[in-house]
Amino acid sequence: MANILVIDDDPIQCRLSEEMLKAHGYEPIIAQSGAEGLAILESQNIQAVILDLVMPEMDGMTVLSEMREQGFTMPVIVQTAHPDIENIVSAIRLGATDFFSKPISQERLVISLQNALKRFDLENCLRTETHRHKGALSFKDMAAISPAMQKSITHGEKAAATQIPVLIEGEAGTGRDMMARAIHHHAKRSGKPFIALNCSTIDTDELDEMLFGSLESGKKNAFEQAQGGTLYLDEIGALSLELQGKLLALFTEKKLSTSADDFAPYDVRLICATSKRLLNLTKQKHFREDLYYRLNIFPIYMPPLRDRVEDIEALANHFITKFSVAEGRRIEGCTTETIDMLCQYEWPGNVRQLENAIYRAILLTEDGRLTPNEFPQIQTSLQGAEKLRAALKSMSPQVTPDHIDAATSSITPLKPAKKPAKDRFLTEEGRVNNLAQVEKELIEFALKKHNGKMSAVARALGIGRSTLYRKLKEYGLDSDQSNAA
Ligand SMILES: Nc1ncnc2c1ncn2[C@@H]1O[C@H](COP(=O)(O)OP(=O)(O)OP(=O)(O)O)[C@@H](O)[C@H]1O
């Protein structure tokens, strides 16, 4: 469900837009001044803006230029009661998508919004795919709405500003490769080679030759190929102890034995990824501790998709746009029921599995919206998981992940049954509780039940995410949620 920000000082117009947006399945967020609108853009994930031009203090044109200056590129539909050609031209120059004079036909506004969102999705998808082909994937190409992924991206940006080795921890399919490429692209080494090798899929002798070269082959080894750029070693935990020794020697000597039987200083930034926690491998003596400390200077954790359901809709839309363009199909998106189902699934194969599921669904469906029927495997698996959950009732509750080996298991056990709760409608003295207190307790209960996952909480309570955030603030519950995934 797209979040649409309405910035307008007229409360009646706000109310009209709010109702129209709700009726068409959008999540309206209202700001009654330019400053409030800009603050919401900073703190919430907004897909499009409906902006009034004539407002006291900060007018719409100033808001629009401020938005562009701050790098907000989402579509903006401008409306005003006093249209004049100069204003229209200036707004269009600042990238306004469409222009309406009041009173506005709500039907036309909805069509304009739908088109603007579709075009924006397409532009984003085209940009990402162009970047991918040019080998210039950036952090902006990563769909990341959840606080957990935004944290990983912030870490990625910090890593890109340095030259130190990076260790990306995360399950397969979480986007580790994408993260490594984005770090390379944003670092000084951008434009230089990015060489990727997977240590778990290449046998040891071949990997030895690819990494460190051999005189017989005369081919450039991976370090030589990556000279000046980045070498990305996926599944570094699978490297044999012998090759770990060679890698460590390279770190120590800072010199590279080249294919020409010579030694040359190397200038390669190393980014490694692992789906197993390396510290555990060192304890089991499968990974050299000295090498571990060389590699684990800047760790970045990529959370599994099941721990960031907020990203599922954005990722699904991204893949729908990508594959419908590739297949020449007209797919509008997913039904709400489908998104709910996708959010319930555990995604053991993470984003890659979601990408494949969407591709398959696009091949199965007639044009229109994807329904749960286009995801038969997910449907079957969800039914099976229900049964398993019932059987796992007695298991201990899950923990919050700090590292990949502590991420939630793919089958979430039910929490042990609790004692019956006290009557929430009565105070200790037996008087009827006031409404706000009951609402606060219900929100606290839902937050606990859904482990602070905002989309799930909002859905369970039957309210929009913006309403939920407002209520959290109102009841002083927002500070507790800063770590919520
Ligand atoms: N945040 C994201 N936004 C858009 N696409 C993503 C995102 N994360 C992953 N993908 C896509 O999902 C697929 C898997 O991502 P990626 O290859 O980076 O994962 P990985 O962790 O390296 O796993 P693997 O080793 O299986 O490739 C790729 O097609 C990638 O483009």
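The model shown is predicted, which means the values in this text are computed figures rather than measured ones.

Procedures and definitions
Residues numbered from 1 in each chain as written. Predicted model: local features only at pLDDT ≥ 70, side-chain atom pairs only at ≥ 80, totals over all residues. Heavy atoms only, no water. Helix = DSSP H or I, 4+ residues; strand = E, 2+ residues; numbered from the N terminus. Buried < 20%, exposed > 50% of the residue type's maximum accessible area, 1.4 Å probe, protein only. Contact = heavy atoms within 4.5 Å. Areas by Shrake-Rupley, 256 points an atom, 1.4 Å probe, with all protein chains shown as cover. Near = heavy atom within 4 Å. Polar contact = N/O pair within 3.5 Å; in protein donor to acceptor, adjacent residues only side chain to side chain. Salt bridge = Lys/Arg side-chain N within 4 Å of Asp/Glu carboxyl O. Patch = residues over 30% accessible without salt bridge, like charges linked within 9 Å, V, L, I, M, F, W, Y side chains within 5 Å. Lys, Arg positive; Asp, Glu negative; His and termini not counted. Charge placed at Lys NZ, Arg CZ, Asp CG, Glu CD. UniProt positions renumbered as here; feature names shortened; annotations may be inferred. Disulfide = S-S within 2.5 Å. Pairing = 2+ DSSP bridges. Axes fitted to C-alpha atoms, helices over the stretch in contact; angles between N-to-C directions. Core = buried A, V, L, I, M, F, W, Y, C linked by side-chain atoms within 4.5 Å. Parallel < 35°, antiparallel > 145°, perpendicular 65-115°, else oblique. Nonpolar A, V, L, I, M, F, W, Y, C, P; charged D, E, K, R; others polar. Left-handed = near helix turned anticlockwise from the far one by under 90°.

(A) Layout of the overall build of the chain. What the chain contains, in helices and strands, is 19 helices and 14 strands. Out of the 485 residues in the chain, the part that is buried amounts to 46%. In the chain, the share of contacts with a sequence separation of at least 24, taken over all contacts with a separation of at least 6, comes to 70%. Of the accessible surface of the chain, which amounts to about 25000 Å², a share of 53% is contributed by carbon and sulfur atoms.

(B) A look at the site of the ligand. Every one of the 17 residues lining the ligand counts as a neighbour, but Gly-173, Arg-176, Asp-177, Arg-352 and Glu-355 are closest to it. Contact between the ligand and Ala-143: a nitrogen atom at 2.9 Å from a main-chain N or O atom of the residue. Here an oxygen atom of the ligand sits 3.1 Å away from a polar atom, N or O, in the main chain of Gly-175. When the ligand is considered free in solution it has 620 Å² of accessible area, and contact with the protein chains removes 90% of it.

(C) Broad picture of the pattern of salt bridges. Taken as a whole and judged by the stated rule, the model has 20 salt bridges. In this structure, Lys-322 and Glu-355 form a salt bridge, with 2.9 Å as the shortest nitrogen-oxygen distance. On the criterion of sequence distance, the pair formed by Lys-322 in helix 13 (residues 310–327) and Glu-355 in helix 15 (residues 350–364) is long-range, its members being 33 residues apart. Across the pair, Glu-355 and Lys-322 agree in class, each one buried. Two residues, Asp-340 and Arg-459, come together in a salt bridge whose shortest N-O distance is 3.0 Å. You can see Asp-340 sitting in helix 14 (residues 336–344) and its partner Arg-459 sitting in helix 18 (residues 454–461), a full 119 residues away along the chain. According to the relative accessible area criterion, Asp-340 is partly exposed, its value standing at 24%. Residue classification places Arg-459 among the partly exposed positions, given a relative accessible area of 36%. Among the charged side chains, a salt-bridge network with shared partners connects Arg-15, Glu-18, Glu-19 and Lys-22.

(D) Region of interest: a negative patch on the surface. Together, Asp-203, Asp-205, Glu-206, Glu-209, Glu-216 and Glu-242 make up a negatively charged patch on the protein surface. In terms of residues, the negative patch owes the most to one element, helix 8 (residues 204–212), which gives three residues. By the secondary structure assignment, Glu-206 is in helix 8.

(E) Broad picture of the UniProt feature "modified residue: 4-aspartylphosphate" (unreviewed entry) in the chain. With numbering matched to this structure, UniProt assigns "modified residue: 4-aspartylphosphate" (unreviewed entry) to Asp-52. Within the secondary structure, Asp-52 is located in strand 3 (residues 48–52). Judged by its relative accessible area of 3%, Asp-52 is buried. Leave out the neighbours within four places in its chain, and Asp-52 touches Ile-7, Asp-8, Asp-9, Gly-60, Gln-79, Thr-80 and Lys-102.

(F) Region of interest: the state of the cysteines. Per the counting criterion, the structure on display carries zero disulfides. Cysteine Cys-199 shares no disulfide, and the gap to the nearest cysteine sulfur, in Cys-272, comes to 7.3 Å. The exposure class of Cys-199 is buried, given its relative accessible area of 4%. Here Cys-334 is not disulfide-linked; the sulfur of Cys-343 is the nearest cysteine sulfur, at 9.7 Å.

(G) The arrangement of the sheet that holds strand 2 (residues 27–31) in detail. Pairing is parallel in the open sheet, where five strands are placed in the order 2-1-3-4-5. If you trace the sheet from one side to the other, it starts and ends with strand 2 and strand 5 (98–101), each paired once. Taken pair by pair, the neighbouring strands of this sheet meet at an average axis angle of 20°, ignoring direction. Here strand 1 (residues 3–7) runs beside strand 2; their pairing, made up of five bridges, is parallel. Across the sheet, residue Leu-5 finds its bridge partner in strand 2, namely Ile-29. Contacts between helix 5 (residues 106–134) and the sheet are confined to strand 1, strand 3, strand 4 (76–80) and strand 5, with strand 5 contributing the most and set at about 170° to the helix.

(H) Quick look at the sheet that holds strand 6 (residues 166–170). Strand order in this open sheet of five strands is 7-8-11-6-12, and the pairing throughout is parallel. This sheet does not close on itself; its edge strands, each paired only once, are strand 7 (194–198) and strand 12 (298–302). Within this sheet the neighbouring strands show an average axis-to-axis angle of 20°, counted without direction. Pairing of strand 7 with strand 8 (residues 230–234), which is carried by five bridges, proceeds in the parallel orientation.

(I) Representation of the nonpolar core. Counting residues in each nonpolar core, the largest one holds 30 residues, and the members touching the most others are Leu-211, Phe-223, Leu-231, Leu-233, Ile-236 and Leu-247. Looking at this core, the elements with two or more residues in it are strand 7, helix 8, helix 9 (222–225), strand 8, helix 10 (241–253), strand 11 (269–274), helix 11 (278–283) and helix 12 (289–295). If you tally residues by element for this core, the top one is helix 10, at five residues. Excluding anything up to four places from it in sequence, Ile-236 contacts Leu-167, Cys-199, Leu-247, Cys-272, Ala-273, Thr-274, Leu-278, Phe-287 and Leu-295. Leu-305, Ala-316, Phe-319 and Leu-382 belong to the second largest nonpolar core, which has 26 residues in total.

(J) Main features of the side chain of Ser-138. Positionally, Ser-138 belongs in the loop between helix 5 and helix 6 (147–160). Dropping the residues within four chain positions of it, Ser-138 is found in contact with His-131, Ala-182, His-185 and His-186.

(K) A look at the packing of helix 5 against helix 13. Orientation of helix 5 relative to helix 13, taken along the N-to-C sense of each, is 75°, at an axis distance of 9 Å. Classified by the interaxial angle, the pair formed by helix 5 and helix 13 is roughly perpendicular. For the pair formed by helix 5 and helix 13, the contact residues are Asp-121, Leu-122, Cys-125, Thr-128, Glu-129 and Arg-132 on the first element and Asn-317, His-318, Thr-321, Lys-322 and Val-325 on the second. Residues belonging to the contact of helix 5 with helix 13 are distributed by class as follows: three nonpolar, four polar and four charged.

(L) Here's a closer look at the packing of helix 17 (residues 435–449) against helix 19 (residues 465–474). Relative to each other, helix 17 and helix 19 sit at 115°, their axes nearing to 11 Å. The hand of the helix 17/helix 19 crossing is left-handed. For the pair helix 17 and helix 19, contact is made by Glu-439, Ile-443 and Leu-447 and by Leu-468, Lys-471 and Leu-472, respectively. Of the residues assigned to the contact of helix 17 with helix 19, the class counts are four nonpolar, no polar and two charged.

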